[in-house]
Amino acid sequence: MRPLYIQPKAKFKTFISPIQKEELLNKKPSEIIDFLIEFKENSVNLFNEPSRCGLITVVAEVVASNFDWGVSLFQILSQKELWKSDLWGGIFEGFEKGKILPEQWEKILSLIEQHKDLLYIGNNVAKLLLSSIQKESDGIPLESIIHAECFAYQLLKIYIDEGEVIDDTISEKWAEEAINNTGGKLTEFILHSISKIHKNVKYYNGLTKDNKAYFELILESDCYAAQMVWDKWLQQYLKNRIEGVPLALEDKEIEEMIGWLPFMNKHIPEFVSYICNVTIPCINDVLLYWKIDKKKLAKQYPDDIAKLLNSLIMSANCPFSPRDTVAEIVGDLISARADETSVRLIIDSLARLGLESAPELRNSILTSNSSVILNS
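A brief report on the enclosed structure follows.

Basis of the calculations
- Residues numbered from 1 in each chain as written.
- Predicted model: local features only at pLDDT ≥ 70, side-chain atom pairs only at ≥ 80, totals over all residues.
- Heavy atoms only, no water.
- Helix = DSSP H or I, 4+ residues; strand = E, 2+ residues; numbered from the N terminus.
- Buried < 20%, exposed > 50% of the residue type's maximum accessible area, 1.4 Å probe, protein only.
- Contact = heavy atoms within 4.5 Å.
- Areas by Shrake-Rupley, 256 points an atom, 1.4 Å probe, with all protein chains shown as cover.
- Patch = residues over 30% accessible without salt bridge, like charges linked within 9 Å, V, L, I, M, F, W, Y side chains within 5 Å.
- Salt bridge = Lys/Arg side-chain N within 4 Å of Asp/Glu carboxyl O.
- Lys, Arg positive; Asp, Glu negative; His and termini not counted.
- Charge placed at Lys NZ, Arg CZ, Asp CG, Glu CD.
- Expected span 1.5 Å × (residues − 1).
- Phe/Tyr/Trp six-rings, centres within 6.5 Å; stacked < 30°, edge-to-face > 60°.
- Axes fitted to C-alpha atoms, helices over the stretch in contact; angles between N-to-C directions.
- Left-handed = near helix turned anticlockwise from the far one by under 90°.
- Nonpolar A, V, L, I, M, F, W, Y, C, P; charged D, E, K, R; others polar.
- Polar contact = N/O pair within 3.5 Å; in protein donor to acceptor, adjacent residues only side chain to side chain.
- Parallel < 35°, antiparallel > 145°, perpendicular 65-115°, else oblique.

Examining the overall build of the chain
Turning to step 1, where the next piece is worked out: Looking only at helices and strands, one finds 20 helices and zero strands in the chain.
Turning to step 2, where the next piece is worked out: Taking all 376 residues of the chain together, 47% fall into the buried category.
Turning to step 3, where the next piece is worked out: Looking at the chain alone, contacts between residues at least 24 apart form 76% of all its contacts between residues at least 6 apart.
Turning to step 4, where the next piece is worked out: On the chain, roughly 19700 Å² of surface is accessible, and the fraction owed to carbon and sulfur atoms is 50%.

The following block contains the structure:
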């Protein structure tokens, strides 16, 4: 009988540090900073001789066990303007692994905001925020969450402006890819923070101004994180609020939500189906209609835009400032063969609002129908 073969356990070599944890703890960062900065490794034999990776690992262990030591090192690196030092990785890993007291969080957030190269430390910051918000205890306290959310929004904007998190293709592994980049981690943090506030703040039923700006930024970027926002939070939030959970939507909130439409991209059909289940107030926001027209959403989602426009202007009264812009959108709806009943209702509303070219739009429908018949 062939003997049973047992796969031996893999042995992983660890990096060697040029200094031990106890030695570092016994010195102030100011006393050893030159060594920490200047130590160089033998690149030929990284696993058998002291290396920078080994040093950074020990720095992280020290910071995890002594918060003040980590803060002191943070301040020294900032004073020396060493914004791209590999020591930042050790500091943030230490903060992440250590126990941060509630009163220490404001100190950390203030220090991070003063860093002059947020792109360099961004992923470390995102990891720290996400791991902390996911903890059941000893995580970021409720009173510091709003501060952290504001910073996360600013950091994400920097990444998007620099083109660091954009990807026009959403693969089947979008969730995995999103959480492996900075934008995904920041978004996951925001979603967790909103949920935590909902659970802990009585009568909290809405989104903060920063939440809304954050979602708008994410959705407009059309990156992996946008899919995460819709699937993991925004879709269910819309459904719940439309159903009155925890409170029914107010007109102002509905107006703000509809303002997200131009940024919904491929989620527009679902978004419209949800939002049209409530009574929609008249929205006289010229910018909203201009964005719909500018992005040519009527040609991409004709039936959905027609359904929403009909609901939006059905109860509109004069003066209706976006009237001419809506007429332009209707032209796109006609050429895109949108639902004819909805389009005619929109034109009827525009005529009531004083649009002189309403008869021409009606004739455009007939012309479009004739063209289809001739070409069939």
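Points about a negative patch on the surface
Turning to step 1, where the next piece is worked out: On the surface, a cluster of negative charge is contributed by Glu250, Asp251, Glu255 and Asp285.
Turning to step 2, where the next piece is worked out: Among the structural elements, Asp251 can be located in helix α13 (residues 251–258).

Side note on helix α10 (residues 182–200)
Turning to step 1, where the next piece is worked out: In this model α10 runs 27 Å from its N-terminal to its C-terminal C-alpha over 19 residues, within 8% of the 27 Å that 1.5 Å per residue would give.
Turning to step 2, where the next piece is worked out: Where burial is concerned, most of α10 is hidden: 14 out of the 19 residues are buried.

Thoughts on the pattern of salt bridges
Turning to step 1, where the next piece is worked out: In this structure the tally under the stated criterion is ten salt bridges.
Turning to step 2, where the next piece is worked out: Between Arg52 and Asp86 there is a salt bridge whose closest N-O contact spans 2.7 Å. Placement of the pair is Arg52 in helix α3 (residues 52–65) and Asp86 in the loop between α4 (67–79) and α5 (87–97), with a sequence separation of 34 residues.
Turning to step 3, where the next piece is worked out: By relative accessible area, which is 12% here, Arg52 ends up buried.
Turning to step 4, where the next piece is worked out: Two residues, Lys296 and Asp293, come together in a salt bridge whose shortest N-O distance is 3.8 Å.
Turning to step 5, where the next piece is worked out: Residue Lys296 is classed as partly exposed on the basis of its relative accessible area of 36%.
Turning to step 6, where the next piece is worked out: When salt bridges that share partners are traced, they join Asp293, Lys296, Lys299 and Asp332 into one network.

Let's talk about α3
Turning to step 1, where the next piece is worked out: The first and last C-alpha atoms of α3 sit 20 Å apart over 14 residues, in line with the 20 Å expected at 1.5 Å per residue.
Turning to step 2, where the next piece is worked out: Listed as buried for α3 are Arg52, Gly54, Leu55, Ile56, Val58, Val59, Ala60, Val62 and Val63.
Turning to step 3, where the next piece is worked out: Taken together, the buried residues of α3 touch α1 (21–25), α2 (29–38), α4 and α5.

Overview of the packing of aromatic side chains
Turning to step 1, where the next piece is worked out: Evaluation of the coordinates by the stated rule reveals eight aromatic pairs.
Turning to step 2, where the next piece is worked out: Ring centres of Phe35 and Phe39 lie 5.8 Å apart, and the angle between their planes is 45°; on these two criteria the pair is classed as tilted.
Turning to step 3, where the next piece is worked out: Owing to a relative accessible area of 15%, Phe39 belongs among the buried residues under this scheme.
Turning to step 4, where the next piece is worked out: Seen in terms of ring centroids, Phe92 and Phe95 are 6.4 Å apart; in terms of plane orientation they differ by 85°. Their pairing is edge-to-face. Highlighted residues: Phe92 and Phe95, both in helix α5, separated by three residues, approximately one helical turn. The residues Phe92 and Phe95 share a single accessibility class, namely buried.

A look at the packing of α3 against α5
Turning to step 1, where the next piece is worked out: Their axes nearest at 7 Å, the elements α3 and α5 cross at an angle of 35°. Seen from above, α3 lies across α5 with right-handed handedness. For the pair formed by α3 and α5, the contact residues are Arg52, Ile56, Val59, Ala60, Val63 and Ala64 on the first element and Leu87, Gly89, Gly90, Ile91, Glu93, Gly94, Phe95 and Lys97 on the second.
Turning to step 2, where the next piece is worked out: Among the residues making up the contact of α3 with α5, the classes are represented as eight nonpolar, three polar and three charged.

A look at the environment of Trp230
Turning to step 1, where the next piece is worked out: Looking at the secondary structure, you find Trp230 in helix α12 (residues 224–242).
Turning to step 2, where the next piece is worked out: Separated by 15 residues in sequence, Trp230 and Phe215 place their C-alpha atoms 9.3 Å apart.
Turning to step 3, where the next piece is worked out: Within the structure, Trp230 has its side chain in polar contact with the side chain of Glu270 (distance 3.4 Å).

Describing the environment of Gly354
Turning to step 1, where the next piece is worked out: Examined against the element boundaries, Gly354 turns out to sit in the loop between α19 (340–352) and α20 (358–375).
Turning to step 2, where the next piece is worked out: On the accessibility criterion, Gly354 (37% relative accessible area) is partly exposed.
Turning to step 3, where the next piece is worked out: Distance from Gly354 to Arg323, taken between C-alpha atoms, is 8.5 Å for residues 31 residues apart in sequence.

Some words on the packing of helix α18 (residues 323–335) against α19
Turning to step 1, where the next piece is worked out: Two numbers describe how α18 lies on α19: the axes approach to 11 Å, and their chain directions differ by 160°. When the interaxial angle is binned, α18 and α19 end up roughly antiparallel. Relative to α19, α18 is oriented so that their crossing is left-handed. Only Val343, Ile346, Ile347 and Leu350 of α19 make contact with α18, whose side of the interface consists of Arg323, Val326, Ala327, Val330, Leu333 and Ile334.
Turning to step 2, where the next piece is worked out: Its residues placed into classes, the contact of α18 with α19 shows nine nonpolar, no polar and one charged.

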